[in-house]
Amino acid sequence: AYFGDHTLETLVGITALSHRSESFYGQGQNLPDNAGIDENLRYLTLATSGFSTRGAAGEYGMLSYLGRVNYSFKDKYLLTANLRVDGSSKFGANNRYGVFPSFSVGWRLSDEAFLQDVSFINDLKLKGGWGMLGNQNSLSNYAFSNNLTPNLVYAYGNNIFPGQASTSIGNPNLRWESI
């Protein structure tokens with residue numbers, strides 16, 4: 001929008017991300033000799049010992065709100081302000097969202113009278129800014145909560161019972177890393 005010598009531009013947005021990963025691992029030992037058979041023919045079911053399998057799954061999501069305002073006076077004096085609010089399921093309810101502002105100011109020197117006669121300069125701008133970024137990538141999924149490992153087996157006397165064991169003690173006060 002233009003208001004005489006003033007220009008104002010705005011941007012508002014929302015982004016969403018959902019990520020899920022799954023893995024499976026199987027192992028077996030003492031596979032038969034493949035003499036006379038295709039060398040790439042190896043099946044876990046042909047192993048005679050050392051069977052083990054494991055798998056895992058994980059997921060996380062992010063929801064972000066963002067906004068930007070660009071202001072200029074005579075297209076010479078410039079101001080940009082940004083605000084980003086990121087929410088991630090990697091954090092507990094207490095600190096799920098982080099707020100990350102930034103701004104910059106600029107001065108188009110090439111529009112000043114003292115540079116109008118300098119032929120080798122057609123657009124010279126001096127600009128500086130400051131901002132914060134948030135990082136969640138150093139955290140594993142569910143780090144804010146106590147985690148259990150299922151499918152463990154416990155022996156008690158002559159009986160075997162299914163069970164679970166604690167694999168991590170969560171920290172519900174984890175916060176976004178700001179840089």
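Please refer to the structure placed before this passage.
Below you will find a few notes about this structure. (Residues numbered from 1 in each chain as written. Predicted model: local features only at pLDDT ≥ 70, side-chain atom pairs only at ≥ 80, totals over all residues. Heavy atoms only, no water.)

### Observations concerning the side chain of Ser88
- Within the secondary structure, Ser88 sits in strand S4 (residues 77–88).
- The residues contacting Ser88, other than those within four sequence positions of it, are Gly61, Met62, Arg96, Gln136 and Trp176. (Helix = DSSP H or I, 4+ residues; strand = E, 2+ residues; numbered from the N terminus. Contact = heavy atoms within 4.5 Å.)

### As for the side chain of Thr7
- Structurally, Thr7 can be placed in strand S2 (residues 6–29).
- Beyond its immediate stretch of four places on either side in the chain, Thr7 contacts Ala1, Tyr2, Asn70, Tyr71 and Ser72.

### Notes on the pattern of salt bridges
- If you walk through the whole model with that rule in mind, you get six salt bridges.
- Across the salt bridge formed by Arg20 and Glu59, the nearest N and O atoms sit 3.8 Å from each other. With Arg20 in strand S2 and Glu59 in strand S3 (residues 49–73), the pair connects residues that are 39 residues apart, well separated along the chain.
- When the shortest N-O distance is used, the salt bridge between Asp75 and Arg108 registers 3.7 Å. Of this pair, Asp75 sits in the loop between S3 and S4 while Arg108 sits in strand S5 (residues 97–108), and the two are 33 residues apart along the sequence.
- A cluster of three or more residues bridged by salt bridges with shared partners is formed by Arg20, Glu22 and Glu59. (Salt bridge = Lys/Arg side-chain N within 4 Å of Asp/Glu carboxyl O.)

### Some details on the packing of aromatic side chains
- Across all of its chains, the model carries four aromatic pairs by this definition.
- Their ring planes at 70° and their centres at 5.6 Å tell us that Phe100 and Trp176 sit as a pair that is edge-to-face. Of this pair, Phe100 sits in strand S5 while Trp176 sits in the loop between strand S9 (159–168) and strand S10 (177–178), placing them 76 residues apart in sequence.
- When its relative accessible area of 5% is taken as the criterion, Phe100 is described as buried.
- Since its relative accessible area comes to 10%, Trp176 is described here as buried.
- These aromatic residues form a ring-pair network of at least three members: Phe91, Phe100 and Trp176.
- The ring of Tyr60 is capped by Lys90, whose NZ or CZ atom sits 4.4 Å from the centre of that ring. (Phe/Tyr/Trp six-rings, centres within 6.5 Å; stacked < 30°, edge-to-face > 60°. Buried < 20%, exposed > 50% of the residue type's maximum accessible area, 1.4 Å probe, protein only. Lys NZ or Arg CZ within 6 Å of the ring centre and 35° of its normal.)

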